[in-house]
Structure formats: structure tokens, C-alpha cells
Amino acid sequence: MTTLSIPVTPFRGDADLPAQADVVVIGGGIVGVTTALELAERGISVVLCEKGVIAGEQSSRNWGWTRQMGRDERELPLCMHSVEMWSQMNARIGRETGWRRTGICYLSYNQRDLRGWQAWEQIGRRHGLDARMLSAAEIADKLPGQNGGMLGVLHTASDGRAEPWIAVPAMAEAARDKGAAIVTGCAVRAVETSAGRISGVVTERGAVRCQTVVVAGGIWSRLFLCNMGLDFPQLKLIGPVACVDGVEGLTDMPVGAGDFAYRKRLDGGFTVAVRNKNLAPLTPDHFRLLTEFLPTFLTSWRELSLRVNGSFVQDLLRRRSWQPDQTTPFEAVRVMDPAPYPGFARQALRNLTRAFPGFAKAKLRREWAGVMDATPDAIPVISPVHTVPGLHVASGFSGHGFGIGPGAGQLMADLITGDPTRVDPKVFDISRLRPAYGAQH
Ligand SMILES: Cc1cc2nc3c(=O)[nH]c(=O)nc-3n(C[C@H](O)[C@H](O)[C@H](O)COP(=O)(O)OP(=O)(O)OC[C@H]3O[C@@H](n4cnc5c(N)ncnc54)[C@H](O)[C@@H]3O)c2cc1C
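A few points on the structure. Everything numeric in this text was worked out from a predicted model, so none of it was measured.

## Details of the sheet that holds strand S9 (residues 188–194)
Strands belonging to one sheet form pairs held by backbone hydrogen bonds; the direction of such a pair is parallel or antiparallel. Taken in spatial order, the three strands line up as S9-S10-S11 in an open sheet, and their pairing is antiparallel. This sheet does not close on itself; its edge strands, each paired only once, are S9 and strand S11 (206–209). Taking the axes of each pair of neighbouring strands and ignoring which way they run, one obtains an average angle of 25° across the sheet. Strand direction decides the pairing type here: S9 and strand S10 (residues 197–203), joined by six bridges, are antiparallel. Considered in S10, the bridge of valine 188 is made with threonine 203.

## A closer look at the packing of aromatic side chains
Counting across every chain of the model gives 14 aromatic pairs. Aromatic pair phenylalanine 224 and phenylalanine 330: ring centres 5.9 Å apart, planes at 40°, arrangement tilted. A residue pair is termed long-range when its members are at least 10 positions apart, and phenylalanine 224 in helix H7 (residues 221–226) and phenylalanine 330 in helix H11 (residues 329–332) qualify at 106 residues. Take phenylalanine 224 and phenylalanine 330: they sit in the same class, and that class is buried.

## Quick look at the pattern of salt bridges
A side chain with one charge may pair with a side chain of the opposite charge, provided their charged atoms come close. Overall, the coordinates contain 38 salt bridges when judged by the stated rule. A salt bridge links arginine 334 to glutamate 204; the nearest nitrogen and oxygen atoms lie 2.6 Å apart. Taken together, the positions of arginine 334 in the loop between H11 and helix H12 (344–355) and glutamate 204 in the loop between S10 and S11 put the pair 130 residues apart, joining distant regions of the chain. For glutamate 204, a relative accessible area of 24% puts it in the partly exposed group. When salt bridges with common partners are traced through the structure, they connect Glu38, Glu41, Arg42, Arg92, Lys178, Asp414, Asp419 and Arg422 into a single cluster.

## Quick notes on the pairing of strand S21 (residues 391–395)
When you tally the buried positions in S21, you get five out of five residues, the bulk of the element. Every second residue of S21 is oriented toward a common face, with Leu391, Val393 and Ser395 on one face and His392 and Ala394 on the other, all of them buried. With three bridges joining them, strand S12 (residues 212–215) and S21 adopt parallel strand pairing. Paired with valine 215 across the bridge in S21 is valine 393. Where strand S20 (residues 381–384) hands over to S21, the hairpin turn is made up of six residues, of which glycine 390 adopts a positive phi near 100°.

## Points about the site of the ligand
Around the ligand, 37 residues are found, and the nearest of them are Glu50, Ser59, Trp65, Gly401 and Gly403. At 3.5 Å, a backbone N or O of glycine 64 approaches an oxygen atom of the ligand. The contact in question runs from an oxygen atom of the ligand to an N or O atom on the backbone of histidine 400, over 3.0 Å. When isolated, the ligand has an accessible area of 1000 Å², and the protein chains bury 98% of it. Secondary structure elements with two or more residues in the shell around the ligand: helix H1 (30–41), helix H2 (58–61), strand S13 (235–245), strand S19 (363–374) and helix H13 (401–417).

## Topic: the environment of proline 295
In this fold, proline 295 is placed in helix H9 (residues 290–300). Sequence separation between proline 295 and glycine 98 is 197 residues; the distance between their C-alpha atoms is 37 Å.

## Considering the sheet that holds S21
Ordered in space as S8-S2-S1-S12-S21-S20, the six strands form an open sheet in which the pairing is mixed. Edge positions in the sheet fall to strand S8 (181–183) and S20, since each of these pairs with one other strand and no more. Taking each pair of neighbouring strands and ignoring which way they run, the sheet shows an average axis angle of 15°. Relative to S12, strand S1 (residues 23–26) runs parallel, the two sharing four bridges. Across the sheet, the residue bridging to isoleucine 26 is valine 215, located in S12.

Criteria and thresholds
- Note that residues are indexed from 1 along each chain, following the sequence as it is written.
- Only residues with pLDDT of 70 or above have their local features reported here, since the model is predicted, and side-chain atom pairs are shown and tallied only from 80 upward, although totals for entire chains, interfaces and linings are computed over all residues.
- Only hydrogens and water are set aside when side-chain values are computed; all heavy atoms of the structure are taken into account.
- In this scheme, strands are said to pair when DSSP sees at least two bridges between them.
- Put simply, DSSP H or I for four residues or longer makes a helix, DSSP E for two residues or longer makes a strand, and each gets a number counted from the N terminus.
- Structural elements are reduced to axes, namely lines fitted to C-alpha atoms, with helices fitted over the stretch in contact, and the angle between N-to-C directions of any two is expressed from 0 to 180 degrees.
- Within 6.5 Å between ring centres, the rings of Phe, Tyr and Trp (the latter by its six-membered ring) count as paired, and their orientation is classed by plane angle as stacked under 30 degrees, edge-to-face over 60, tilted in between.
- Only protein chains enter the calculation, and the probe is 1.4 Å; a residue is then buried if its accessible area is under 20% of its type maximum, exposed if over 50%, and partly exposed in between.
- Salt bridges, as used here, are contacts in which a Lys or Arg side-chain nitrogen is within 4 Å of a carboxyl oxygen on Asp or Glu.
- The near set for a molecule or strand comprises every residue that places at least one heavy atom within 4 Å of it.
- Polar contacts, as used here, are pairs of N or O atoms within 3.5 Å; protein pairs need one atom able to donate a hydrogen and one able to accept it. Residues neighboring in sequence count only if both atoms are side-chain atoms.
- Throughout, the Shrake-Rupley method with a 1.4 Å probe supplies accessible areas, and for residues the shown protein chains are the sole cover considered.

Everything listed here is a matter of coordinates, which is why it stays silent on function.
Structure (C-alpha cells):
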């Protein structure tokens, strides 16, 4: 495998692919890994297949914020439950994930942002979350090194952060300790059905018989399900990120504002980004899904940079259906590792230095980008596909999946085993986007 732009902790996959399991999980990002961990802890036999490396895609490339503040109210109970799970994760898996309860702050430099965060404070309050606007004295105390000029700051003390490229491989090791089989370099090509229900999967390394499949394929879930004749509404966004050293005088708390975000890392460096500047390379799916995504495009056009580049032709030429004995697009792209746009790190540091002058001395260590998967309502699908018994989807995390990963994996496991769920699963059911795949059919 070629060298990746991110130093994700190496995870050695199992040598052999089991011939049979209760559940096959497709995808070794945080959602697939936490699902496998939960199932293995409950004594269920589970095989996780990852086409590339564990956490090679979004799950190691993200900012590492485990944030409740600012989330969609429907998603908030799962976010709050997940942060509680993060707080116990190191002890649960007996390994370091980098999770610390640091709090998170959002700074407002204009009336629009201020009104937005003040309104969100009320949402948090309704759910018993400790998010609140800080007084001037508290701002000075919690945000040393800032340049002033902000109109208000929303702070949530119970929020935290973890180290993505350490945490997910550590959770995968724990899942294996508990009995999960984890096979890397193993693309799942197709599912098999018998009398309309799941009976197995076909991978590039052979078949696995199973009654239950979880598609946790991140940006690839739409394509995988397309080959089954299912239309999962999902689009891609590219988020560039950088890691810098040499910045002093700031606290451990992640901080965001209209045009920047930073998080102090466990190794003393900072993960930085230009907030609200994701790239949306136009693809044929933008036209296929235009009507569903239009409301989101209209409300968040300021945060998106629509681009026409090679992605359009690549996606157009990519096969959308294949037979199980044919090589698939998943084998052609083992790890999606896009380049950040030119000048990105300079722009991030310029924005940050305006607010926190200490970033003027920052030295660029590394830059990379990750491709996120978004649904039309920016809420994930964590759900059975009711029309294909045994098939489940946990995908479409819309830029929030690292923080809610632990709760998402637990919810997926609860739905499979029939255990009581800790949050209302209807919020995440696929029928809200695709009524035809709902329980009533
Ligand atoms: C730049 C950036 C910043 C972000 N910041 C944050 C943040 O601060 N906080 C937060 O909560 N979230 C954040 N996110 C979002 C978060 O990273 C994702 O929502 C989350 O990692 C999604 O996890 P996943 O397991 O669904 O997908 P992925 O991590 O993408 O994993 C899916 C895996 O499935 C594999 N796969 C796909 N198809 C197949 C197949 N057929 N066979 C075998 N394997 C397959 C892929 O190779 C991949 O490894 C950010 C994302 C990005 C890109």
C-alpha cells in the first residue's frame, strides 16, 4: 500500500477470513469498529471486513472533536450518550484513545453567529446540557492568548476530544480481544440473499455465511447499496486539515469560530482547519439527488465551495453495478486519500492568527484531507433496511460521526440483538429518507 498522508496506528488484520459468522460488518471506520466491539462484547460472532486499513478514511482524518454543542436537536440525545461513553472508553478497552473532557468553545465575531449560538443555548438547556454563554471574565479566564473582538462565547464544559488516528485502531484491537474477527485488505463485493433475506457476503477473499450484514462503508455505502438496487441518498464533501507545532500559551480546549477551528493534540501540536469551508466536488450524484439536497444547499451555501474537477468524470466512469466474481471499485481505491487544496494551511493559519496571535509562530507538520458523507438532512442512518431482512445501514454521518461513533455502534448492536435502545431509533431510521424501505412495506 502507498504511504498515506496520515500516520494512522497500524493494525494487523487477521490472516484468515472465517467462513461463517452471525454478523458481517462492512467497513473499519469508527462506526463499523464500535459496532463490532459492541457485538463481540455481547458474545455474538462478528467478522469486520475493511477494504483498506482500519480507520484509513474519515475516522482518522477528522478534527477529533467529541462535541454535543451545536448539534441538531434530533441527534443531541445520541451525542450526549456518546460523550458519556467516550468518558469511559479508555477504561473499557484498556487502551489510550486520547479522550479528555476539555470543554469546547464557539466564538462569535458577528451578530448572526451570536444569535445562532444564543438560540442553541436554549436547545442545550432543554436537554440538560451544560452549554452556556460565558461572561467577559470567564472568556478572559478560559481563552488565554486571544485577541479580543468577539461578541460572545458559547462553552460546553462536558464536551471533549480524542485522537482519531490512535483511538479507532485501539478500539479495533479491543474488539478483537473480545472475539471479533477483523480482516483488512478485504473488500466486500456483494451480499447474498436466500428467500429474500441476507444469507452471506462475497468478499475478494471468499464468502462468509451470515444472517446479518451492517453496511458501515462511509462514503462508499451509496455505491455498495446501489449494486443491490437500493438508492441510499448520500453526497461527498472534502474537508482539508493540518497539524502544526510551536504554538504556546493556549489551553487544551478545542475552539471554533466562523472561519477557523483548532484542537490541541495529546502530542502538544494543534490540529487546525478553516471552519465552514468544505469543498463539494460536483459529481453525477449531485444531479441525481438534487431535489433532496437542494434545501441543504440553499441554507448552507456559504459553507460550501462547489467545484468542478476530475471527480465528475471519475464518478461518471465508475461502475455502479457488478457481479460478485468481478473486481469492484472498492478494490480500486483501497484508501481515499485526497489532497487538501493549495494554500489551505496558510489560509487556516491566517484566520487563526487574527484571533490567537500565538499561531503566527506555528510550523506546519502535516496536512491532509478527508471525504465526508452527508445525508439530505445531515443526520445519519442507523437502521435496518426493512425490505431486506438482515440488512442494516450505519452511514451518512454528515461530519459528526467521530463524536457519536460509540453511541452509533451501540445503537446498531441494540437494533440487531433486539436489546432496548438508549435513544429513540426512529430518528435514525432509513424510512425518513426512503419511505419505501420502511417497516410498513
Ligand atoms: C476533515 C474532517 C473533519 C471531521 N471532524 C469531525 C469531528 O471533529 N468530530 C466528529 O464527530 N466527526 C468529524 N468528522 C466526521 C467523522 O470523521 C465521520 O463522520 C466518521 O469518521 C464516519 O465514520 P464511518 O465509520 O461511518 O466512516 P469511515 O471512517 O469513512 O469508514 C468507512 C470504512 O468503510 C470501508 N469500506 C467501504 N466500503 C467497503 C467495502 N465494500 N468493503 C470493505 N470495506 C469498505 C472504507 O475503506 C472505510 O475505511 C470529520 C470528518 C472529516 C473528513
